[in-house]
Amino acid sequence: MNDQDTANEKEGQLEESWQRHLSAEFDKPYMQSLKAFLLSEKRKGKVIFPKGNQYFSALNATAFDAVKVVILGQDPYHGDGQAHGLCFSVNADVRIPPSLKNIYKEIQSDLGLPAENFAMGCLNKWAGQGVLLLNSVLTVERASAASHQGQGWEIFTDKVIEVLATETQHCVFMLWGSYAQKKGAMIDRSKHLVLSAPHPSPLSAHRGFMGCKHFSQCNQYLEQTAQVPIDWSVGER
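My aim in this report is to walk through the structure given alongside it, one point at a time. (Residues numbered from 1 in each chain as written. Predicted model: local features only at pLDDT ≥ 70, side-chain atom pairs only at ≥ 80, totals over all residues. Heavy atoms only, no water.)

Along the chain, F49 connects to P50 via a cis peptide bond; the corresponding omega equals -10 degrees. Mapping P50 onto the fold places it in the loop between β1 (48-49) and α4 (57-61). A positive phi angle, close to 65 degrees, is found at F88, a residue other than glycine. Along the chain, F88 turns up in the loop between β2 (69-73) and α5 (98-111). In this structure F88 comes out as buried when scored by relative accessible area, which is 9%. We note that A226 has phi near 60 degrees; this positive angle belongs to a residue other than glycine. (Helix = DSSP H or I, 4+ residues; strand = E, 2+ residues; numbered from the N terminus. Buried < 20%, exposed > 50% of the residue type's maximum accessible area, 1.4 Å probe, protein only.)

Below, the discussion takes up the packing of helix α3 (residues 29-43) against helix α7 (residues 153-167). Axis separation between α3 and α7 bottoms out at 9 Å; the angle between their running directions is 130 degrees. Here α3 is positioned oblique relative to α7, judged by the angle of their axes. Residue-level contacts link Y30, M31, L34 and L38 of α3 to W153, I155 and F156 of α7. The class makeup of the residues in the contact of α3 with α7 is 7 nonpolar, no polar and no charged. (Axes fitted to C-alpha atoms, helices over the stretch in contact; angles between N-to-C directions. Parallel < 35°, antiparallel > 145°, perpendicular 65-115°, else oblique. Contact = heavy atoms within 4.5 Å. Nonpolar A, V, L, I, M, F, W, Y, C, P; charged D, E, K, R; others polar.)

What follows is the structure in structure tokens.
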């Protein structure tokens, strides 16, 4: 991230429909402090993931009016070449991370889809169908998990969830793990479908993520509310 990246975070980097709902956030003190923090870290020579022009990739890939499903993550991947702005997703040429492997296994079991449809870790296909793949924190220092927590991103992404929860209806929120479930506590269950399960990490997936059947429940709800269900296959590499 350079000075120009910082200056352009508000103008030109955020998709228009999201700008209408979120533009006021960029003038608030917490966001000014966040910008200063990111610029300071970059000037110290620290490497930040994802790239500056990908901080808002989740919002840019799924316009506000197109959101049908929200999957909440925590932090971007902190390994080289992994993070590209969508939670749980990696660039197409990167090895599929363990949590995403478990997500794929659950989809295959739940929907009966063949394993060859899940040969890569890039989830752009989901985003293009209305699945908002939102991390709570949108940046991280290279090789330092959770290093940007508490700097302001959580306030911004709380606002994203708030505007979706209050100004839309019939969204499906998938909240995996206690962190996501706390962050989604504000969601009105009478307006939206909220699906909760343990995190798909290998450390916790066996406690109830595997077998949760969130993907079939999601598609059933979308059909019941006159929406097109999601094709959860990803495709071959």
